[in-house]
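# A closer look at the structure
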Amino acid sequence: MPWRATIGLAMTATERNSTALHTPLIAWFDANARDLPWRRPEAGAWGVMVSEFMLQQTPVSRVLPVFEQWLARWPRPADLAAEAPGEAVRAWGRLGYPRRALRLHAAARAMAERYGGEVPREHAQLLALPGVGEYTAAAVASFAYGQRHAVLDTNVRRVLARAVTGVQYPPNATTAAERKLARALLPEEDATAARWAAASMELGALVCTARNEACGGCPLAAACAWRLAGKPAHEGPARRGQTYAGTDRQVRGRLLAVLREATDPVEQRHLDAVWHEPVQRARALDGLVADGLVEPLPGGRYRLPLG
């Protein structure tokens, strides 16, 4: 059955029986949620926002130490905004996708200019910040301020695809039909909706994972459309895998590592030493410059950006 038709049927059933999903999942979350630093009250909205930037395509185990160091150094957006953007890139370390560090720095500067150096409460204000998209705005509004928003990350999309729509995996990119379904599933009360969003995400991270779903420990197993259908195999487009070794991403990472560890501008020869293939190395360096992650200087020297 086509995805859109399946979504339509799922919505009809879900709107009738959403409480059957909300109650067991939130109860499971209350008993099993991980004690993560950005979930603690002292983290505040800024801690939630920092975690959301860092957790994009990055596992919790890698984020934890960087998050702790980041919040210790920059406990408020205004503290980060006062630093050069290159310091954000330096502190990002080896989390990967370092443009996220620049985007978070840009958002901090905007908050310093518009909101007194604090994270705004309104979804529209969050969405207007540089580097903040629909997912991050909804996540911060929900997790930091307890508001009612559909929070759709990879884990949530997989849980909804299986439990409600009856397919193994969601589409490769988020669709309007998924957003409509997620909104239809939201509990009416703000606090319950925020709890539902966090619980759905946790279930996808710990139980309903991409490779090893643990249906025996799933609070939604009795109502899961995919399990009840016999777990039919994925019939959509091939799942996209990620590679790293030998890619431009790996080269960029090695070049940035040299610059992060340097206190002074770095000469070209030191960058040349990190990768054997000159064409790929030059392409990676040019990409870092174009992305604003590296600043070229006269005399063939480079540094992390200051402005």
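Provided above is the structure to which this section pertains.
Now for a quick tour of the structure. In this text the structure is predicted, and so the values were computed from the model without any measurement.

### Focus: the overall build of the chain
What the chain contains, in helices and strands, is 15 helices and 3 strands. A globule of 307 residues ought to have a C-alpha radius of gyration of about 19 Å, and the chain, at 22 Å, matches this closely. Reported as C-alpha extents along the three principal axes, the dimensions of the chain are approximately 70 × 45 × 30 Å. For the chain, with 307 residues in total, the buried portion stands at 46%. In the form shown here, the chain has an accessible surface area of approximately 14800 Å², with 52% of it arising from carbon and sulfur atoms. If the 38 positive side-chain charges of the chain are averaged to one point and the 30 negative ones to another, these points end up 5 Å apart.

### Side note on the packing of helix H5 (residues 85–92) against helix H6 (residues 99–114)
Where H5 contacts H6, the two axes come as close as 8 Å, and the packing angle between them is 135°. Judged on the interaxial angle alone, H6 and H5 are oblique. Considering the relative orientation of H5 and H6, their crossing is right-handed. Mapping the contact onto sequence places Pro85, Ala88, Val89 and Trp92 in H5 and Arg100, Ala101, Leu102, Leu104, His105 and Arg109 in H6.

### Some thoughts on helix H2 (residues 44–55)
For an α-helix, 3.6 residues make a turn, and residues three or four places apart therefore share a direction. An ideal rise of 1.5 Å per residue puts 16 Å on 12 residues; H2 measures up with 17 Å between its terminal C-alpha atoms. Taken together, the buried residues of H2 touch helix H3 (60–73), helix H4 (77–81), H5, H6, helix H7 (123–127) and helix H8 (134–145). Immediately downstream of H2, the backbone of Gln57 shows phi near 60°, a positive value.

### Comments concerning empty space enclosed by the protein
Tallying each qualifying case throughout the model produces 3 cavities of 30 Å³ or more. The volume enclosed by the largest cavity comes to roughly 100 Å³. Lining the largest cavity are 14 residues; nearest its centre among them are Arg162, Cys208, Cys215, Cys218 and Cys224. At 3 residues, the largest contribution of residues to the lining of the largest cavity is made by helix H9 (residues 154–165). Taken together, the residues that form the lining of the largest cavity break down as 12 nonpolar, no polar and 2 charged. The calculated volume of the second largest cavity comes to roughly 70 Å³. Secondary-structure elements contributing two or more residues to the lining of the second largest cavity are H9, helix H10 (176–185) and helix H11 (190–206). Per-element accounting of the lining of the second largest cavity gives the leading share, 3 residues, to H11. Its residues placed into classes, the lining of the second largest cavity shows 10 nonpolar, 1 polar and no charged.

### Structural notes on the pattern of salt bridges
Throughout the structure, instances matching the rule amount to 17 salt bridges. With a shortest N-O distance of 3.6 Å, Glu188 and Arg148 are connected by a salt bridge. Taken together, the positions of Glu188 in the loop between H10 and H11 and Arg148 in the loop between H8 and H9 put the pair 40 residues apart, joining distant regions of the chain. Judged by relative accessible area, which is 68%, Glu188 ranks as exposed. Judged by relative accessible area, which is 29%, Arg148 ranks as partly exposed. Members of the salt-bridge network, linked through shared partners, are Arg73, Glu83, Glu87 and Arg90.

### Overview of the side chain of Arg281
Within the secondary structure layout, Arg281 lies in helix H15 (residues 278–290). Given the relative accessible area of 14%, Arg281 is considered buried. Looking at Arg281, its side chain comes within polar contact range of the side chain of Asp272, at 3.1 Å. Discounting chain neighbours no more than four positions away, the residues touching Arg281 are Val251, Leu255, Leu271, Asp272, Trp275 and His276.

The rules behind each value
- Residues numbered from 1 in each chain as written.
- Predicted model: local features only at pLDDT ≥ 70, side-chain atom pairs only at ≥ 80, totals over all residues.
- Heavy atoms only, no water.
- Helix = DSSP H or I, 4+ residues; strand = E, 2+ residues; numbered from the N terminus.
- Rg over C-alpha atoms; globule rule 2.2 N^0.38 Å.
- Buried < 20%, exposed > 50% of the residue type's maximum accessible area, 1.4 Å probe, protein only.
- Areas by Shrake-Rupley, 256 points an atom, 1.4 Å probe, with all protein chains shown as cover.
- Lys, Arg positive; Asp, Glu negative; His and termini not counted.
- Charge placed at Lys NZ, Arg CZ, Asp CG, Glu CD.
- Axes fitted to C-alpha atoms, helices over the stretch in contact; angles between N-to-C directions.
- Parallel < 35°, antiparallel > 145°, perpendicular 65-115°, else oblique.
- Left-handed = near helix turned anticlockwise from the far one by under 90°.
- Contact = heavy atoms within 4.5 Å.
- Expected span 1.5 Å × (residues − 1).
- 1 Å grid on protein atoms, 1.4 Å probe; cavity = no way out; pocket = protein on both sides within 12 Å on 5 of 7 lines; lining within 4 Å.
- Points joined across faces, edges and corners; volume = space filled by probe spheres on them.
- Nonpolar A, V, L, I, M, F, W, Y, C, P; charged D, E, K, R; others polar.
- Salt bridge = Lys/Arg side-chain N within 4 Å of Asp/Glu carboxyl O.
- Polar contact = N/O pair within 3.5 Å; in protein donor to acceptor, adjacent residues only side chain to side chain.

These figures come from the coordinates and say nothing about function on their own.
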